[in-house]
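Here is what each chain is made of, one letter per residue.
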Amino acid sequence: DQQVKQNSPSLSVQEGRISILNCDYTNSMFDYFLWYKKYPAEGPTFLISISSIKDKNEDGRFTVFLNKSAKHLSLHIVPSQPGDSAVYFCAASRTGSQGNLIFGKGTKLSVKP
Amino acid sequence: GAGVSQSPSNKVTEKGKDVELRCDPISGHTALYWYRQRLGQGLEFLIYFQGNSAPDKSGLPSDRFSAERTGESVSTLTIQRTQQEDSAVYLCASSLVTGTSGAQYFGPGTRLLVL
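Residues numbered from 1 in each chain as written. Chains lettered and ligands numbered in written order. Predicted model: local features only at pLDDT ≥ 70, side-chain atom pairs only at ≥ 80, totals over all residues. Heavy atoms only, no water.

A. Spotlight on the overall build of chain A. Scanning chain A from terminus to terminus reveals zero helices and 11 strands. Across chain A, helices and strands are ordered from the amino to the carboxyl terminus as β-β-β-β-β-β-β-β-β-β-β. Relative to the 2.2 N^0.38 estimate, which gives 13 Å for 113 residues, the radius of gyration of chain A is 13 Å and therefore close to what a compact globule would have. Residue burial in chain A is summarised as follows: out of 113 residues, 47% are buried. Look at the contacts in chain A between residues 6 or more apart in sequence, and 54% of them connect residues 24 or more apart. Averaging the locations of the 13 positively and 9 negatively charged side chains of chain A gives two centres separated by 4 Å. (Helix = DSSP H or I, 4+ residues; strand = E, 2+ residues; numbered from the N terminus. Rg over C-alpha atoms; globule rule 2.2 N^0.38 Å. Buried < 20%, exposed > 50% of the residue type's maximum accessible area, 1.4 Å probe, protein only. Contact = heavy atoms within 4.5 Å. Lys, Arg positive; Asp, Glu negative; His and termini not counted. Charge placed at Lys NZ, Arg CZ, Asp CG, Glu CD.)

In structure tokens form, the structure reads like this:
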């Protein structure tokens, strides 16, 4: 049973517009969430994270929103750029765990010029 | 600065052979993690090290898998008697601390193909 779900395998967005990537989780014990970006033949690259005590974290063009009651988080990229084209993974962990991350299956974002 | 490195980058082996995958974490990172990504799937946690110790090995898929870490640095993931279902990208990550306070930094992975 998947604890972290990314229901959209792919997303296509026009350059300059907003990209919204969604993630749902089932384990209410998760209290730390991260987004990673992955280019082909490379390892995932850490983008941004959020603790469950917050509902928003912003870093430049990237903003992560957390809705604990809905067990939902989203990553907003604005404005989107062609270089943002990659697979985006949502990950979660919980205090008291080993810090190991539970990953979703990823969403492939394509930003068209 | 040097990131996480892994070797080999690609490995093709025959079913039944043993393979060793190596990970060099970022210097000073005390925590080291191994993950596996099968085709079309998310990353699957295998094992983590705090220093040279692996407190919990329950994420390893079978007893054919083992891992060690020495000098609080290099780690080796060994797969004995490889099977075709072991084909995947094996990713190593390190972080400054364990637990939820440290973002994990990943290496490029080792692509393992078992024929």
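B. Region of interest: the packing of aromatic side chains. Within this structure, the stated rule accounts for 13 aromatic pairs over all chains. For the ring pair Y36(A) and F46(A), a centre distance of 5.8 Å and an interplane angle of 70° mean the geometry is edge-to-face. Of this pair, Y36(A) sits in strand β4 (residues 32-38) while F46(A) sits in strand β5 (residues 45-51); the two residues are 10 residues apart in sequence, bridging distant segments of the chain. Look at F46(A) and you get partly exposed, because its relative accessible area is 22%. Consider the rings of F46(A) and Y105(B), whose centres lie 6.4 Å apart with planes at 65°: the pair is edge-to-face. A residue pair is termed interchain when its members come from two chains, as with F46(A) in strand β5 and Y105(B) in strand β9 (residues 105-106). Note on Y105(B): relative accessible area 38%, which makes it partly exposed. (Phe/Tyr/Trp six-rings, centres within 6.5 Å; stacked < 30°, edge-to-face > 60°.)

C. Here's a closer look at the pattern of salt bridges. Scanning the entire structure with this criterion turns up five salt bridges over all chains. With a shortest N-O distance of 2.8 Å, D84(A) and R61(A) are connected by a salt bridge. One end of the pair, D84(A), is in the loop between β8 (72-77) and β9 (86-93); the other, R61(A), is in the loop between β6 (56-59) and β7 (62-67), and 23 residues separate them in sequence. The shortest N-O distance in the salt bridge between R64(B) and D86(B) comes to 2.8 Å. Here R64(B) is found in the loop between β5 (43-50) and β6 (65-69), whereas its partner D86(B) is found in the loop between β7 (75-79) and β8 (88-95), with 22 residues between them in sequence. Accessibility expressed as a relative area gives 11% for R64(B), which makes it buried. (Salt bridge = Lys/Arg side-chain N within 4 Å of Asp/Glu carboxyl O.)

D. Just the interface of chain A and chain B, in detail. Counting from both sides, the interface comprises 21 residues of chain A and, opposite them, 21 residues of chain B. When the two sides are added together, the surface that chain A and chain B hide from each other amounts to roughly 1,700 Å², 58% of it contributed by carbon and sulfur. Scanning the region where chain A abuts chain B turns up zero salt bridges. Where chain A meets chain B, there are three residue pairs in polar contact (both at pLDDT 80 or more). (Buried area = accessible area lost by both parts, 1.4 Å probe. Polar contact = N/O pair within 3.5 Å; in protein donor to acceptor, adjacent residues only side chain to side chain.)

E. The sheet that holds strand β3 (residues 19-25) of chain A, seen in detail. Strand order in the open sheet made by the five strands is β1-β3-β8-β7-β6 (chain A), with antiparallel pairing throughout. At either end of the open sheet lies a strand with only one pairing partner, and these are β1 (4-5) and β6 of chain A. (Pairing = 2+ DSSP bridges.)

F. Geometry of the pairing of β4(A). Residues and elements named next belong to chain A. Of all seven residues in β4, seven are buried, a share of seventy percent or more. Of the two faces of β4, the one lined by Y32, L34, Y36 and K38 and the one lined by F33, W35 and K37 are each fully buried. With six bridges joining them, β4 and β5 adopt antiparallel strand pairing. Residue L34 lies in a different strand from β5, and its bridge partner there is S49. Between β4 and the antiparallel strand that follows it, β5, lie six residues; A41 among them carries a positive phi value of about 65°. Both β4 and β9 contribute to a ladder of seven bridges, which runs antiparallel. Within the sheet, the bridge partner assigned to K37 lies in β9 and is Y88.

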